[in-house]
Amino acid sequence: MSILEKLYEGKAKVLYRTENPEILLAHYKDDATAFNAQKRGTITRKGEMNCAIAAHLFQQLAAAGIPTHFIDHEGAQMWVRALKILPLEVVVRNIAAGSLCQQTGLTLGTPLKQPLVEFYYKNDALGDPLLTDDRLLLLQLATPAQVEQLKSMARRINNVLQPFFQQCGIILVDFKLEFGLDHSQALVLGDEISPDTCRLWNQSDTDPKRRVMDKDRFRNDLGSVETAYQQVLERVLAHPIQSIQ
Ligand code: UDP
């Protein structure tokens with residue numbers, strides 16, 4: 001399928017139109033950014049590794065009945081369904097880390113009794129602030145029914161991904177999701193799920209630095225970033241997609 005013009009360039013991906021208006025091509029970049037793009041760098045082969053990891057996870061989620069934008073992939077390129085993306089980051093947390101610890105004083109690594117689902121406003125100028133349900137409705141970022149559906153989909157996705165990563169010997173600490181609306185206004189999972197958007201800890205290592213297998217290696221200058229992503233890729237691909245009903 002021939003590629004038409006560039007539609008949008010983000011921090012981690014470039015989106016192109018294709019000759020089919022319902023299909024876009026996402027090119028996953030090796031560029032890495034952190035702290036609202038104040039820190040920038042490159043992670044060698046990140047694009048193709050994240051694309052392959054996300055493709056596998058999207059297919060696992062589809063097999064569990066969760067609608068995703070994934071169509072196909074090759075190298076660092078993923079063909080996806082065109083969606084109207086909601087300007088929201090939906091974060092699911094199983095273990096306290098990152099901004100949750102900074103904002104609440106919870107100790108890093110505290111297991112949460114039940115998964116926490118949070119919404120952040122995808123707005124770089126405002127620094128992606130945490131939203132309350134009422135602020136979300138105030139800003140008309142989603143309808144009340146969509147807010148409930150987003151929470152329920154985020155929990156279902158966690159219920160698939162957490163055991164999947166556990167089989168891989170990886171603890172799924174937290175992750176960020178983005179959703180969009182398709183032509184029939186149905187909510188569909190978009191963007192990517194990868195070590196750029198998840199906190200992943202090696203189950204067999206309790207050392208707080210060594211266990212990190214995600215973008216925190218880049219954020220916190222822990223080194224061996226490519227090796228960690230490669231290990232996630234190998235472990236994920238070693239676990240075939242299972243049909244879950
Ligand atoms: N996250 C992301 N993009 C963002 C913000 C967060 O992918 O713009 C992911 C992050 O990698 C982590 C989870 O969402 O897996 C929760 O991030 P947190 O709110 O703790 O923010 P951080 O500490 O990363 O700033």
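As shown above, the structure is provided for reference.
Note that the coordinates shown come from a computational prediction; the quantities given were computed from them, not determined experimentally. (Residues numbered from 1 in each chain as written. Predicted model: local features only at pLDDT ≥ 70, side-chain atom pairs only at ≥ 80, totals over all residues. Heavy atoms only, no water.)

Comments concerning the pairing of strand β15 (residues 198-202)
Turning to step 1, where the next piece is worked out: Burial of β15 is extensive: 5 of the 5 residues sit out of reach of the surface.
Turning to step 2, where the next piece is worked out: Where burial is concerned, the two faces of β15 agree: the one with Cys-198, Leu-200 and Asn-202 and the one with Arg-199 and Trp-201 are both buried.
Turning to step 3, where the next piece is worked out: With 5 bridges connecting them, strand β12 (residues 170-177) and β15 associate as antiparallel partners. When the bridges of β15 are listed, Ile-170 appears paired with Asn-202. (Buried < 20%, exposed > 50% of the residue type's maximum accessible area, 1.4 Å probe, protein only. Helix = DSSP H or I, 4+ residues; strand = E, 2+ residues; numbered from the N terminus. Pairing = 2+ DSSP bridges.)

What to know about the site of the ligand
Turning to step 1, where the next piece is worked out: The environment of the ligand is formed by 16 residues, the closest being Arg-93, Ser-99, Asp-174, Arg-199 and Arg-219.
Turning to step 2, where the next piece is worked out: Measuring from an oxygen atom of the ligand, one finds a backbone N or O atom of Thr-197 at 3.5 Å.
Turning to step 3, where the next piece is worked out: The contact in question runs from an oxygen atom of the ligand to an N or O atom on the side chain of Arg-199, over 2.9 Å.
Turning to step 4, where the next piece is worked out: The protein chains hide 78% of the 510 Å² of surface that the ligand would expose on its own.
Turning to step 5, where the next piece is worked out: The set of elements that each furnish at least two residues to the shell around the ligand consists of β9 (88-95), α2 (98-104), β12 and β15.
Turning to step 6, where the next piece is worked out: Here the shell around the ligand is composed, by residue class, of 5 nonpolar, 3 polar and 8 charged. (Near = heavy atom within 4 Å. Polar contact = N/O pair within 3.5 Å; in protein donor to acceptor, adjacent residues only side chain to side chain. Areas by Shrake-Rupley, 256 points an atom, 1.4 Å probe, with all protein chains shown as cover. Nonpolar A, V, L, I, M, F, W, Y, C, P; charged D, E, K, R; others polar.)

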